[in-house]
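# Understanding the architecture of this molecule
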Amino acid sequence: MKKLTNKIWAVVLAMMLTVSTISVTPVAAATTTTNTAYVTIEKFTIGQGFLLEPTKVTFNEGDTVEDVVKKAAKENGTELVFTTTSYGSYLSGIKNADNGKVNIPSEISAFGDYETGWDGFSVSYPAPTNDNIKKNENKDGLLGEMCYTDMAGWFYFVNNESISETASNIKVKNGDVIRLQFSIYGYGVDLGSLDYSTGKKKIELANRDDLIVTLANLKASGILEKSKSLNAYYSVSKNQLAQYNAEEENLKDATQAMELLETIFEDGRKAGASEVKPVEKPSVKKATVKSIKNVKGCKAKIKVKTLKNVTGYQFKYATNKSLKNAVVVSTKKTSVTTAKVAKNSKVYVKIRAYVKKDGAYYYGKWSKAKSVKIKK
């Protein structure tokens, strides 16, 4: 999947206000405490983004995960379908949820066959691709169990953890983030759940909860209706959030940027300003790895080609090619020595330059990855 860059957030961090006259009515302080949860309904595994974008929902003491999701769906015109069995009811589908345009992330297609079974009986399911999935023949755009693959269905996550109990049995706490996500592979394995046949995860996905809370609060505040610029940045961050392979670092940058922008806009309103507009940002050249060499102590020394008019460099390195859970070092120096790693492993690295201006950081593009084998 095509990834978005972080450049937009560098712009947001340098937002300024253009002054015009508006009337600001003071808001009375709240006198009661309200229980709040944050809900999304997601179709990232089939490339269809959000069915319900980050939404702030109030609830009563004793309400369950299922209660809160039902309320969020009803308030937004989404019709959930439940099936009753001898074990209880479960969410089997959502009407008008499938737009028919499927684009399965390449990471899921690369998972390989999924093996499942019991009592000596086993079944092997191929990883879904855009070419081998079955047609969804449900009426009313119903998206649910066994749509596109025999392993498909809806799964609840609370505070970035897949729930093991029935959603109607789990009480919601104030501030909980509830994500209802569609799975197409491995009964939730593509969502980062454990593969019960191996006891391991096939993929570690970024934690999206902080950005979900930030966007839901922005939407609920009514601020978005008062600024086209703010609305545009909201849309960019929402699209970034909906990327299946979104990186944790990018989501943290987006969260910081949107929180700062909200503060700037509110301060501006109080001062009599009506709109938030970006100022011109400095251009940052793309950095290049000059060299990466194995040095004593099972370490790697990384050098960057010196660039003019930059504040410093970010070095990102890991012992896996995808640079998942990488170490990131920001420095004004042009070289960095890694921590000790396992002998005979490989160290992979990317570098980018940055410029600090008026308290904001502007980043260039990441360099191409380079690697070195650790032999000593």
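All values derive from a computational prediction rather than experimental measurement. In every chain, residue numbers begin from 1 and rise along the written sequence. Thresholds applied to this predicted model are a pLDDT of at least 70 for local features of residues and 80 or more for the giving and counting of side-chain atom pairs; totals over whole chains, interfaces and linings are not thresholded and use all residues. Excluding hydrogens and water, the side-chain values take into account all heavy atoms of the structure.

## Some remarks on the sheet that holds strand E11 (residues 177–183)
Cut-off, in case you're wondering: At least two DSSP bridges between two strands are needed for those strands to be called paired. The secondary structure listing takes helices from DSSP runs of H or I that are at least 4 residues long and strands from runs of E that are at least 2 residues long, numbered from the N terminus. For this analysis, residues touch if any pair of their heavy atoms sits within 4.5 Å. Structural elements are reduced to axes, namely lines fitted to C-alpha atoms, with helices fitted over the stretch in contact, and the angle between N-to-C directions of any two is expressed from 0 to 180 degrees.
Strand order in this open sheet of 5 strands is E3-E2-E11-E9-E10, and the pairing throughout is mixed. This sheet does not close on itself; its edge strands, each paired only once, are strand E3 (50–59) and strand E10 (161–162). Alignment of strand E2 (residues 35–42) against E3, held across 7 bridges, turns out to be antiparallel. Within E3, the residue paired with Tyr38 across the bridge is Lys56. In the packing of helix H2 (residues 65–75) onto the sheet, the strands contacted are E2, E3, strand E9 (153–158) and E11, and the crossing angle to E3 comes to about 115°. Sheet strands touched by helix H4 (residues 209–221): E2, E3 and E11. Its angle to E3, the strand with the most contacts, is close to 75°.

## Focus on the packing of aromatic side chains
Heads up, the condition is: Aromatic pairing here means that ring centres of Phe, Tyr or Trp (its six-membered ring) are within 6.5 Å. Orientation follows from the plane angle: under 30 degrees is stacked, over 60 is edge-to-face, and everything else is tilted. Burial classes follow relative accessibility: with a 1.4 Å probe on protein chains only, a residue under 20% of its type's maximum area counts as buried, one over 50% as exposed, and anything between as partly exposed.
The tally for this structure, following the rule as stated, stands at 6 aromatic pairs. Centroid distance Tyr114 to Tyr185: 5.6 Å. Interplanar angle 75°. Geometry classified as edge-to-face. Taken together, the residues Tyr114 in strand E6 (residues 114–118) and Tyr185 in the loop between E11 and strand E12 (194–195) connect sequence positions 71 residues apart. Of the residues examined, Tyr114 reaches a relative accessible area of 5% and is grouped as buried. Among the residues examined, Tyr185 registers a relative accessible area of 0% and is labelled buried. Here Tyr114 and Tyr187 contribute two aromatic rings whose centre-to-centre distance is 6.1 Å and whose plane-to-plane angle is 70°, an arrangement assigned as edge-to-face. Of this pair, Tyr114 sits in strand E6 while Tyr187 sits in the loop between E11 and E12, and the two are 73 residues apart along the sequence.

## Examining the sheet that holds strand E5 (residues 88–94)
On the basis of which strands lie adjacent, the open sheet formed by 3 strands has the order E4-E5-E8 and antiparallel pairing. Across the chains shown, the open sheet's two edge strands, defined by having one partner strand only, are strand E4 (80–85) and strand E8 (143–144). Of the pairings in the sheet, the one linking E5 to E8 comprises 2 bridges and is antiparallel in character. Across the sheet, Ile94 pairs through a bridge with Leu143, a residue of E8.

## Things to note about H2
Quick note on the threshold: In this context, the arc is that of the directions from the helix axis out to the C-beta atoms.
The set of residues buried in H2 consists of Val65, Glu66, Val68, Val69, Ala72 and Ala73. Taken end-on, H2 shows its buried residues confined to a sector of 165°, consistent with a single buried face. Packing partners of the buried residues in H2 comprise E2, E3, E4, E9 and E11. Looking at the residues trailing H2, positive phi occurs at Gly77, about 70°.

## Some thoughts on the environment of Lys134
Within the secondary structure layout, Lys134 lies in the loop between strand E7 (121–125) and E8. For Lys134, a relative accessible area of 36% gives the class partly exposed. Sequence-wise, Lys134 and Cys147 are 13 residues apart; in three dimensions their C-alpha atoms are separated by 7.7 Å. In this structure, Lys134 is in contact with Met146, Tyr148, Thr149 and Asp150, ignoring residues within four places of it in sequence.

## Points about the nonpolar core
As a reminder of what qualifies: Note on terminology: a nonpolar core comprises buried Ala, Val, Leu, Ile, Met, Phe, Trp, Tyr and Cys residues joined through side-chain atoms within 4.5 Å.
Among the nonpolar cores identified, the biggest contains 67 residues, and Val65, Ile178, Ile184 and Tyr185 are the most heavily contacted of them. Here Tyr185 is in contact with Ile108, Phe111, Gly112, Asp113, Tyr114, Ala127, Pro128, Met151, Asp190 and Lys202, once residues within four sequence places are set aside. Judged by nonpolar contacts, the second largest core, of 23 residues, contains Ala287, Val341, Val349 and Val372.

## Side note on the confidence of the model for the protein chain
The predicted coordinates ought not to be read in detail in places where the model reports low pLDDT. Filter applied, for reference: Per-residue confidence from the prediction method is given by pLDDT, with values spanning 0 to 100.
Averaged over every residue, the pLDDT of the protein chain is 85; the share at 70 or more is 86%. Ranking the elements of the protein chain by mean pLDDT puts strand E1 (residues 16–19) last, at 33, and E11 first, at 98. Long-range and interchain partners of residues 1–5, a stretch whose pLDDT sits below 50, account for 15 contacts in this model, where long-range means more than four residues apart. Across residues 10–32, confidence stays below pLDDT 50; counting only partners more than four residues off in sequence or on other chains, it has 45 contacts.

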